[in-house]
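# A look at the structure
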Amino acid sequence: MLRREEEVDVEVRWEDQQQINEFGRLNTRLNELRGDTKALKGELDNLDDATTELMTGDGGKVNLQLGDAFVVVEEEFATEYCEKKQSIAPAESATQYCEKKQEGVQAKLDALSREEDSILKRQAELKKILYARFGASINLEA
């Protein structure tokens, strides 16, 4: 809370309100991006683990996830099942599919990162403008 002598009595113009609203929308989008990024990183880790498991597998038994349950099956069956489920071309192995999927997820992560950078840059501009106008009377920190 500001002390009485620290308060700045500035009228909020329509333009100011638009900038404050924009900052709020950007902040909401930034939080969404961070959640999406976290989910994609988890997916990327899972794909990496799956690829590593398939590459180091000895052709024996593997865990195949069906819904919330895991079923122990032969690696060959799991590969065929995944190929049918994911419409993988017959010449493409499950490992190749996972690697392609990883590339797609990484591309999405890169796009989210660029958008986050753009948002942070715009928020910095808005902070500069709004703090110059309102001083300590406005709080734009998360």
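With an unreviewed UniProt entry as reference, the chain is termed Prefoldin subunit 4, source organism Tribonema minus. Listed under Subunit (unreviewed entry) in UniProt, the entry text for the chain is "Heterohexamer of two PFD-alpha type and four PFD-beta type subunits."

## Examining the pattern of salt bridges
Evaluated as defined, the whole model comprises nine salt bridges. One salt bridge in this structure joins Lys127 and Glu141, with 3.4 Å as the shortest N-O distance. Of the two residues, Lys127 sits in helix H3 (residues 94-134) while Glu141 sits in the segment after H3, which places them 14 residues apart along the sequence. We classify Lys127 as partly exposed; its relative accessible area is 24%. Salt bridges linked by common partners bring Arg13, Glu15, Asp16 and Arg133 together as one network.

## Some details on the side chain of Asp16
Relative to the helices and strands, Asp16 resides in helix H1 (residues 14-56). Owing to a relative accessible area of 1%, Asp16 belongs among the buried residues under this scheme. Residues in contact with Asp16, not counting those within four places in the same chain, are Glu11, Leu130, Arg133 and Phe134.

## Re the confidence of the model for the chain
Per-residue confidence for the chain gives a mean pLDDT of 82; residues scoring 70 or more make up 79%. For the chain, the element scoring lowest by mean pLDDT is helix H2 (residues 75-86), at 68; H3 scores highest, at 90.

## Quick word on a negative patch on the surface
There is a patch of like negative charges on the surface, built from Asp45, Asp48, Asp49 and Glu53. By the secondary structure assignment, Asp49 is in helix H1.

## Topic: the pairing of strand E2 (residues 69-74)
Residues in a regular strand point their side chains to alternate faces of the sheet. One ladder, built from six bridges, connects strand E1 (residues 61-66) with E2; its direction is antiparallel. Counted as the bridge partner of Leu64 is Val71 from E2.

Rules used throughout
- Residues numbered from 1 in each chain as written.
- Predicted model: local features only at pLDDT ≥ 70, side-chain atom pairs only at ≥ 80, totals over all residues.
- Heavy atoms only, no water.
- UniProt positions renumbered as here; feature names shortened; annotations may be inferred.
- Salt bridge = Lys/Arg side-chain N within 4 Å of Asp/Glu carboxyl O.
- Helix = DSSP H or I, 4+ residues; strand = E, 2+ residues; numbered from the N terminus.
- Buried < 20%, exposed > 50% of the residue type's maximum accessible area, 1.4 Å probe, protein only.
- Contact = heavy atoms within 4.5 Å.
- pLDDT = per-residue confidence, 0-100.
- Patch = residues over 30% accessible without salt bridge, like charges linked within 9 Å, V, L, I, M, F, W, Y side chains within 5 Å.
- Areas by Shrake-Rupley, 256 points an atom, 1.4 Å probe, with all protein chains shown as cover.
- Lys, Arg positive; Asp, Glu negative; His and termini not counted.
- Charge placed at Lys NZ, Arg CZ, Asp CG, Glu CD.
- Pairing = 2+ DSSP bridges.

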